[in-house]
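As a plain string of letters, each chain reads:
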Amino acid sequence: TLEMNDRARVDKLLRSMTPILPDASAPDTVYSFVVNSISGEWEHWGSRVPAWNAPEGDLGANFGTILVPTIDSAACQYTMELSLSLDRPVLLIGGPGTAKTSTVLQVLSKLHPAETVFRTVSFSSATTPSIFQATMEGAVEKRQGRTFGPPGGKKMLVFIDDISMPAYNEWGDQITLEIVRQLIETQGFYNLDKPGEFKGIIDLLILGAMLHPGAGKND
């Protein structure tokens, strides 16, 4: 979750505490390495960047869709896949053009469609809690009682793009993100149409992406 300058500071601190870190020279830091799960040895992320071949056809016409794998994208995909295997929600933060959405889509393309379904939701300043509730309710079916889940007994990954966009209210709250938080923390939410009624939603995992806060972008 750190920017490059702060990563260098953490790297310096860690090296003052232990001698077992891999040798690295700027711009590399300990963040440039991963432990090989088989050998137990440090391995540079560069060794895990897949080979890339230019797509056939007119490169000019397809330029906007070209995604060249990098050290950052390889590390991001690996850690995201690790989080998904543990049913942990993921939030990607980065500037425009840093392939946040493309990275998520690449990871999700590897999932087995017979076991997992995928849904994309884009937030804006006009997205309200009721809109989000209706979207989630439309994506699930009744399992038992007041418990709901994705159709066919599958798991569902919901990718929320621009998750930081919902407007603040007069008290400084992003109430749309409150219902998202409630869904993540409690596996369900209180029905906005029927106060006091809790609707459980299981087998659902939230992924999010947002721009860096600041310069008019929500925190």
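Heads up: the structure comes first, above all this text.
These numbers come from a predicted model, not from an experiment.

About the cut-offs
Residues numbered from 1 in each chain as written. Predicted model: local features only at pLDDT ≥ 70, side-chain atom pairs only at ≥ 80, totals over all residues. Heavy atoms only, no water. Phe/Tyr/Trp six-rings, centres within 6.5 Å; stacked < 30°, edge-to-face > 60°. Buried < 20%, exposed > 50% of the residue type's maximum accessible area, 1.4 Å probe, protein only. Lys NZ or Arg CZ within 6 Å of the ring centre and 35° of its normal. Helix = DSSP H or I, 4+ residues; strand = E, 2+ residues; numbered from the N terminus.

(A) Layout of the packing of aromatic side chains. Counted according to the given criterion, the structure contains three aromatic pairs. Taken together, a centroid distance of 5.1 Å and an interplanar angle of 70° make the contact between tyrosine 190 and phenylalanine 198 edge-to-face. Since its relative accessible area comes to 45%, tyrosine 190 is described here as partly exposed. Taking the relative accessible area as the measure of exposure, phenylalanine 198 reaches 28% and is therefore partly exposed. Geometry around tyrosine 78 places arginine 48 over its ring, the cationic atom sitting 5.2 Å from the centre. One Lys or Arg, lysine 199, reaches over the ring of phenylalanine 148 and ends 5.0 Å from the middle of that ring.

(B) Here's a closer look at unusual backbone geometry. Here the amide bond leading from alanine 26 into proline 27 is cis, since omega sits at 5°, within 30 degrees of zero. Structurally, proline 27 is set in the loop between helix 1 (4-17) and strand 1 (33-35). Unlike most non-glycine residues, glutamine 187 shows phi in positive territory, near 55°. With respect to the helices and strands, the residue glutamine 187 is situated in the loop between helix 6 (175-186) and strand 8 (188-190).

All we've got here are geometric facts, nothing functional implied.
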